[in-house]
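# Residue-level structure breakdown
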Amino acid sequence: MNRPRYLTDAERAKILEFLDMIHYSPRYNDDTNEYRHVMLPKDMLKAIPQDYFNPDSGTLRILLEEEWRGLGITQSLGWAHYETHAPEPHILLFKRPINYEH
């Protein structure tokens, strides 16, 4: 597993102004997982360090928990970032097993 790339204090300061504008979808599920998507303000993408992005697609790469939490995304335990919605790169998709217990 890769090691998380933590934000510097200067990077974190640029992110702080967007925290109140992060939108969390309601949860939805299938037989095995529950899902939700998190919409970051589009301008927030400009403040996120370039090494958080996939150089091939230009979208955010799959972030480790420490990384997405460092961006100010707050969720209960068990959620994993599993995809970025390419047509709308400010939308991050998360999932966790149904009935997750921490």
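Further up the page is the structure itself.
Residues numbered from 1 in each chain as written. Predicted model: local features only at pLDDT ≥ 70, side-chain atom pairs only at ≥ 80, totals over all residues. Heavy atoms only, no water.

## Structural notes on the pattern of salt bridges
Once the charged atoms of two side chains with opposite charge are near each other, the side chains can pair. Counted only if it meets this: The rule for a salt bridge is simple: a side-chain nitrogen of Lys or Arg has to be within 4 Å of a carboxyl oxygen of Asp or Glu.
Within the structure shown, the criterion is met by seven salt bridges. With a closest N to O distance of 2.9 Å, arginine 61 and glutamate 67 form a salt bridge. Among the ionic contacts, a cluster of salt bridges with common partners joins Arg5, Glu11 and Asp51.

## Structural notes on the nonpolar core
Inclusion rule: The criterion is simple. A nonpolar core is a set of buried Ala, Val, Leu, Ile, Met, Phe, Trp, Tyr and Cys residues joined through side-chain atoms within 4.5 Å. Exposure classes here rest on a 1.4 Å probe applied to the protein chains alone. A residue is buried below 20% of its type maximum, exposed above 50%, and partly exposed in between. Any two residues whose heavy atoms approach within 4.5 Å are treated as being in contact.
Core analysis: the biggest nonpolar cluster contains 20 residues, and Leu40, Met44, Ile48, Tyr52, Leu60, Leu71 and Ile73 have the highest contact counts within it. Other than its neighbours up to four places away in sequence, isoleucine 73 contacts Ile22, Tyr24, Val38, Leu40, Trp68, Leu92 and Phe94.

## Thoughts on the environment of lysine 95
Quick note on the threshold: Numbering of helices and strands runs from the N terminus, with a helix taken as a DSSP run of H or I at least four residues long and a strand as a DSSP run of E at least two residues long.
Within the secondary structure layout, lysine 95 lies in strand β5 (residues 91-97). Classification of lysine 95 by relative accessible area gives partly exposed; the value is 31%. Sequence-wise, lysine 95 and arginine 36 are 59 residues apart; in three dimensions their C-alpha atoms are separated by 6.5 Å. Non-local contacts of lysine 95, meaning those with residues more than four positions away in its chain, are made with Asn33, Glu34, Tyr35, Gly78, Trp79, Ala80 and Tyr82.

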